[in-house]
Every structure is written in C-alpha cells, then in structure tokens.
Amino acid sequence: MNAAVRATVRVGLYTGAKVFFIHEGYQGLVDGGDCIRPATWESVSMMLQLGGTVIGSARCKDFQTREGRMKAAYNLVKRGITNLCVIGGDGSLTGANQFRTEWSDLLVNLVSKGKISADEAKNASHLNIVGMVGSIDNDFCGTDMTIGTDSALHRIMEVVDSITTTAQSHQRAFILEVMGRHCGYLALVTALACGADWVFIPEMPPEDGWEEHLCRRLMETRNRGSRLNVIIVAEGAMARDGKPITCDHIREVRLGYDTRSTILGHVQRGGTPSAFDRILGSRMGVEAVMALMEATPDTPACVVSLSGNQAVRLPLMECVQVTKDVTIAMKEGRFEDAVKLRGKSFENNWNTYKLLFTHSYTKPQSAPQSPGFININVAVLNVGAPCAGMNAAVRAAVRIGITQGHNMLAVHDGFEGLAQGKVKQFTWTSVGGWTGKGGSNLGTKRVLPAKYMEEISLNIAKYNIHGLIVIGGFEAFSGGLDLVHAREKYEELCIPIVVIPATVSNNVPGSDFSIGADTALNTITMTCDRIKQSAAGTKRRVFIIETMGGYCGYLATMSGLAAGADAAYIFEEKFGIRDLETNVEHIVQKMKTTVKRGLILRNENSNANYTTDFIFNLYSEEGKGVFDCRKNVLGHMQQGGTPTPFDRNFATKMGAKSVLWLTEKLKECYRHGRIFANTPDSACVLGMRKRGLVFQPLDELKEETDFDHRIPKTQWWLKLRPILKILAKYKINLDTSESVFFPAAL
C-alpha cells in the first residue's frame, strides 16, 4: 500500500495538483482535523520498504451512516478536495462509490444547513473516485493480482519452507491454514508452489468421501519414498454440504501419520513488501492519478486493474458485482462457475493443480492413440546460467509427462551432456521436493549445440528421443535455433522442440518474462533496502550499485522502481556526459533537502566507457561537501537463493503447458510408425505475452532479436522508465497511451 501512496502523492504533485493524506481511512475522513494533512514530496521518502500503511487504516461504522458521510463531504469541500483515491478491498470501494453517488445530495444538505456556501458547493459540484485494490486474499474480480497478495505469498512460503524441513526430519504430516475466508487464491498458489499433497479451497470443495481419498493419497506418497506430507487449507474451506473444513477437522481424520497443524494468521499481512507488490503499487498509483485527471462528471467510478501485464481501468461496481457473484455461486453449489468467475488467473492455477495432483494418484494416460503408436520419450535439459525456478519447471514437466503416459528423460549438463550421453530416465519421485530448490539440479552449461551436432543427433537416435524441452536463457533460444537449422542435415532433429525462458536477465525473445527474474529482482531490491539502511544515522550518502543482466536493463530498471532509485543506467537507453551531468546536479540539489540517501543503479553492460567505477568517481567528486558515495557490485548473489512464489508458480505452469503442447504436436507429427516434425511451428518458445502464455516459432522470432547484444529488439518494460524518473522528481512527459504493468503470475 505504501508504494501506491508514494506514487499517488508524487505523480499528483507532478501534475500540479494539491495532494492530501487522509489518515486512518474513512474514520479520518469523517473526523477531519489533523487526520487530513497536506502531502509533500519528502513526506513519502523511505517508505517503499515498509509494510502495512503509514497513513493508517481503520474500519469505520460512522461512514456507513448518512450523517457520517455528510461530515466526510464537509471535510473535503472545506479543503477543496474533489478527487478521491481509495486503496482497499471491495467493502472500501463500494463505500467510496456510494459516497460519490450521494455527493450532490450531501452538498445540498450542507448548504441548507449553512455549513458550506453556495460557491463552495459549486466549486465542488462533483467528486471523482478511483480505486486500487489492496487485499492479500486476491479476492477482487477484474484484476489478476491485488496489492499485497504477492507479499503474503512470500510470508507463507517462508513458513512452509521452514516447516517442510522439520516435517521431513520427523517424517510428519503438516496441515497449514492460510488466510482466505471467501477466496482460495493464497491456498491454491501455495499448494502449487510447495508441491502440497492436498489443498482445500472454498471455490471447489472436495467430493463426498474425501477423507478416505486423502488417506489413500498420503499413503501412496509415503510408499513412493516421501518422508513428509503437506496439506494446505484456506480458512474459508468447506465441504459440499457447506460445513467448514478446519485444521482440527482434518486432524481428526485418521491420516496414519504423526500430524501437526499450524495456523499462520496475521503473519501473512506483515513484513516487507515484495518487489512485485512495490512495482504493482507504484504503477497503480500512477494510473490512478491519470484516471482522476482525465475524469469528467459523467465518468463512472473506476478501479485500476492488472490483466496479464496490461493496465486496465474497469467500472468499479461491475467488478464489485462479479465479486459478489462468486459468493452467490458458492452458496448455490455452482462451484465450476465460482472458479470461472474468479478470472483466468485463478482458473489457470486450478487447472494446473488438477493436472499435477488429481492425476498424480491415478493410472497414467496411455500414449496418443494411433495404430501401432510407439512409446514416447521426452527429454528435458537446462541450458545457460542457472537461475531459481529451473527445478520447478523440470519437476512439472516430468510429472505432467508421466501423467500423459510418456517416458521422461533428464539430460545433465545441457547440450554438452546430451552430446556425451548423460541421459537418465526420471520417475515421479526423482523430482520430489524440487519446487523450492534454487539453481539447477540437472546441471547446466552455456555450451551451444553447433559443435556437437553430430553427437547430439546420434544420442537422440540412441535414446529414441521424440520430443525436447529446453529450459534456459538466451543460450537455450540460440541453441534451439541451431537445432532447427540443422534439421536439413540431421533427420534425427526433426522432433518437436519447446524452449522455456529461464534467466535472471529476462532477455529471451518471445516472452515478456522469464523464470528466475522475479527471484533476482527481489534479491536486488532487498539488498538495496539493506544498503540504504546501513547509512541510517550517518551523514548524507549516495550508493552506486551494479546489477547483472548482460545488455538487458530489465533488472536495473525494475529494481530501480522497487527500491526507489534516483537513476538507472541501461544499455537500451543511451546516455552521455550531459545526461550524467544532469543526474549529478539533480541528486546534489535533492540531497540539500531533508532527503539523506540516494540510490543509483547501473546495468553491468550499460556503457563500455561510463563504467561503475567512473560513475562512482564522478558522483564522489561532484558531491563533495554535500554527500559521500559508496559502491556495490552485487554479482552472483543475484542468481542464487530459493525461488520466489512467483517463480515457483510461473515455472510450474510453464513446465506443465510445454508437455501438453508437446503431446499434441507428437500426435500431429506421427506418420507411418515414426515421429517427423520439420515445420516452423514444431519448434517454439513458450512465453508470456501481455495477457497469456503463447507458443511462437523460433524461426519467426529471429527478426525480433538483436543477436549481437542478446536482447529482443522490443521490450515492454522500457515504457515504465518514465515512471522511474517522475518518481525521482525529474520533469519529463509521461505517455499513458498504452499502459503496461509488471506481469502477474498467470
């Protein structure tokens, strides 16, 4: 919420508007006085990393009465406030819309009682309202993600990861209750992200007799060699008859194992916000101000929403109504409708869960039905630098492949390992516990296949490989192209190939987002927080920080937004000595105010001559007498660590989708007792594009690629750079013709 508050204040001031804080929510609006105070640029400094909301929030019964709303209207009119930005759940937003609907009548009453003059009423003749949804439950229909959800998932996964270690040590079963009184999003994504054995959500209660099914599932898991079981329960979970399903209820079922339960409670609401939430809140704040500035008396109240990576403004009350429709559907037992009404994001998560967990305890499907069809062997390998989330993608691919009736082969050490025959068949248990592990358990190398093409084709024939899943960064993309181009010479390479982008650099053509980038982004953001905090209590200080990314400035730009940087130097946006001079003068003036810390980010390959050392020396020299400088090169810590919930969830869905696509391609390419695939659409990149996952032929993506610098020619996130500059107090023009967001977990 603080990121949204900060962005709203600064962009409001940027447009020339007067901006006010209303402390303690609607209660402050009713009480007035010191609860409504002017906001300044400096008053929102150093708040990005703070959880909760610095301006307070409170449930307010007074605002539910007409008398209370009249007091609120009086307080706004007296201060000349005619635009209201509300951050909250559906209750807060519904209250805001009612306030707007009554506004004219409230003014008439205030004039008749002599509380305000006719001129004051005329100047405040209409009230514009825009909403931003702040709710950890992600229970508001119309947006893929609400502010706070990703941070809550971070808190949950920290606890789940800790609990699984003790559960494994003692061979226990753990039941974890997460928040979600009316929405199972947190429980569902947690189950996907940790590989839980079962999840209970209110939208889709289990079938009658679930107790016996649960016991059988846990037993099968143990028989396969697992030492623990994890069951996730949403606090609003219920049975088909409407009776609640609680941790205690599940423990009463004789599971057959030493069982413990943990209710996470309000720990999910606290803590430092994730990078995703900071960027989401910042972007929503900008969009909210723009919506208010463009509003007319006839414009309906809107809510700023996230769809894929697109910013959309939706009618507030339509979204509220759909949210209520979900509750009605659940009460009426229309559970399939409830899942669909939650939106595509929720439905995709549920379908992936069903694929991974419903089929995991049933007999695998037979191979694609054709006369004399062969047993299918699908190979999975990691290529390029390791990153968090690779293992989750491998796990999902292996397990979905097994449910499809395929033999899943794991290739160690990338294309070089394929050339050397480092191929091993994987079973269901081979990838147990992989979801939360960082790096690459299969091993990975940057070696491209060109010089090993002969050996690779021989081993594809030797191991009878019919489909290939390549998980990695730009090397995976380039290697995939090499394999496609070699098809003319080596017939063995005429098999379906899918590339899954996985790199911290987020530089793979064909996808707006790569597995591993979110984990790296959070690492950089949290490190920047600590670095800035290290200067607390000292004199004014500016930090120069170098990030990874090759020639791609994604990490520098997005971590700049998330950490509140004053500048972010990247290769894609050329800069010279005049730009550096402007930046230095800007931060010198800024540090002469009450602001005590500055943050400058530089992508490692942003400029061959203006190096990190050069920029450090420049700022050090020009800042003498005003501030001192420190330099940090973050290095390989950006590639390490356990994957974030976003990366676990994203990788799981990418792995599952890739195998389902391969299965369909294998059916298409089966001819006369063999597989033969040589069309462009038989070798694709699976990527996120705006609002969904799409498959794009590798050959078609060549035209979109800058091979010299290993980046796509067009990158969506460059449109966010003006926001970074505006929030750092630069006077520039903001283009809102095509709004883009940080991508949401699909």
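Identification of the protein as ATP-dependent 6-phosphofructokinase from Electrophorus electricus is taken from an unreviewed UniProt entry. In its Pathway (unreviewed entry) section, UniProt records this for the protein: "Carbohydrate degradation; glycolysis; D-glyceraldehyde 3-phosphate and glycerone phosphate from D-glucose: step 3/4." Recorded in UniProt under Cofactor (unreviewed entry), the annotation for the protein is "Mg(2+)".

(A) Representation of the overall build of the protein in the model. Counting its regular elements, the protein contains 24 helices and 26 strands. Relative to its length of 746 residues, the protein is compact, with a C-alpha radius of gyration of 27 Å against a globular reference of 27 Å. Its C-alpha atoms give the protein principal-axis dimensions of about 90 × 70 × 50 Å. For the protein, the proportion of contacts with a sequence separation of at least 24, taken over those separated by at least 6, is 79%. Counting every atom, the protein has about 29000 Å² of accessible surface; 49% of that belongs to carbon and sulfur. Averaging the locations of the 84 positively and 76 negatively charged side chains of the protein gives two centres separated by 4 Å.

(B) The arrangement of the packing of helix H4 (residues 90-112) against helix H11 (residues 316-331) in detail. For the pair H4 and H11, the least separation of the axes is 10 Å and the interaxial angle reads 140°. Taken together, the axis directions place H4 and H11 in an arrangement best described as oblique. Where H4 crosses over H11, the two elements pack in a sense that is left-handed. Residue-level contacts link Asp90, Leu93, Thr94 and Asn97 of H4 to Leu316, Met317, Val320 and Thr323 of H11.

(C) Geometry of the nonpolar core. With 143 residues, the main nonpolar core has Ile232, Ile469, Ile471, Tyr554 and Met558 as its most contacted residues. Take this core: its biggest share by element is 11 residues, from helix H10 (residues 275-294). Core analysis: the next-biggest nonpolar cluster, separate from the first, contains 34 residues, Phe63, Ala72, Ala73 and Ile81 among them.

(D) Region of the structure containing the sheet that holds strand S5 (residues 173-178). Read from one edge to the other, the open sheet built from 4 strands follows the order S6-S7-S5-S8, with strand pairing classed as parallel. With one partner strand each, in any of the chains shown, strand S6 (198-200) and strand S8 (259-263) form the two edges of the open sheet. The sheet shows a mean angle of 15° between the axes of neighbouring strands, direction not considered. Both S6 and strand S7 (residues 229-234) contribute to a ladder of 3 bridges, which runs parallel. Residue pairing across strands places Trp198 opposite Ile231, the latter belonging to S7. Running at roughly 165° to S7, helix H7 (residues 185-194) makes contact with S5, S6 and S7 of the sheet. Strands S5, S6 and S7 of the sheet are contacted by helix H8 (residues 210-223), whose axis makes an angle of about 150° with S6.

(E) How the structure looks around the pattern of salt bridges. With the rule as written, the count across this model stands at 36 salt bridges. Arg66 serves as the salt-bridge partner of Glu102, at 3.9 Å between the closest nitrogen and oxygen. Of the two residues, Glu102 is situated in helix H4 and Arg66 in helix H3 (residues 66-78); the sequence distance between them amounts to 36 residues. Here the salt bridges do not stand alone but share partners, grouping Arg283, Glu287, Glu294 and Arg313 into one network.

(F) How the structure looks around the UniProt feature "binding site: Mg(2+)" (unreviewed entry) in the protein. Mapped onto this numbering, the UniProt entry gives "binding site: Mg(2+)" (unreviewed entry) at Asp90. Along the chain, the position of Asp90 falls in helix H4. A residue is classified by how much of its surface remains accessible, and Asp90, at 29% relative accessible area, is partly exposed. The contacts of Asp90, once residues within four sequence positions are left out, are Phe140 and Thr323.

(G) Representation of the sheet that holds strand S17 (residues 541-547) in the model. A sheet is described by the order of its strands in space; here 4 strands give the open sequence S18-S19-S17-S20, paired in parallel fashion. Where the open sheet ends on each side, the last strands, each with one partner, are strand S18 (567-569) and strand S20 (628-633). In this sheet, adjacent strand axes meet at a mean angle of 20° when their direction is disregarded. Note: S17 against S20, 6 bridges, orientation parallel. Across the sheet, Phe543 pairs through a bridge with Arg630, a residue of S20. Along the sheet, helix H18 (residues 517-533) makes contact with S17, strand S19 (597-603) and S20, crossing S17 at roughly 155°. Running over the sheet, helix H21 (residues 612-622) touches S17, S18, S19 and S20 and is turned about 165° from S20.

(H) Geometry of the layout of surface pockets. A volume near 750 Å³ is recorded for the second largest pocket. What lines the second largest pocket is a set of 33 residues, and nearest its centre among them are Cys194, Ser226, Leu228, Gly432 and Gly433. Within the residue set of the lining of the second largest pocket, elements represented by two or more residues are helix H6 (149-170), H7, S7 and helix H14 (390-403). It is H6 that provides the largest number of residues to the lining of the second largest pocket, a total of 5 residues.

The rules behind each value
Residues numbered from 1 in each chain as written. Predicted model: local features only at pLDDT ≥ 70, side-chain atom pairs only at ≥ 80, totals over all residues. Heavy atoms only, no water. UniProt positions renumbered as here; feature names shortened; annotations may be inferred. Helix = DSSP H or I, 4+ residues; strand = E, 2+ residues; numbered from the N terminus. Rg over C-alpha atoms; globule rule 2.2 N^0.38 Å. Contact = heavy atoms within 4.5 Å. Areas by Shrake-Rupley, 256 points an atom, 1.4 Å probe, with all protein chains shown as cover. Lys, Arg positive; Asp, Glu negative; His and termini not counted. Charge placed at Lys NZ, Arg CZ, Asp CG, Glu CD. Axes fitted to C-alpha atoms, helices over the stretch in contact; angles between N-to-C directions. Parallel < 35°, antiparallel > 145°, perpendicular 65-115°, else oblique. Left-handed = near helix turned anticlockwise from the far one by under 90°. Core = buried A, V, L, I, M, F, W, Y, C linked by side-chain atoms within 4.5 Å. Buried < 20%, exposed > 50% of the residue type's maximum accessible area, 1.4 Å probe, protein only. Pairing = 2+ DSSP bridges. Salt bridge = Lys/Arg side-chain N within 4 Å of Asp/Glu carboxyl O. 1 Å grid on protein atoms, 1.4 Å probe; cavity = no way out; pocket = protein on both sides within 12 Å on 5 of 7 lines; lining within 4 Å. Points joined across faces, edges and corners; volume = space filled by probe spheres on them.

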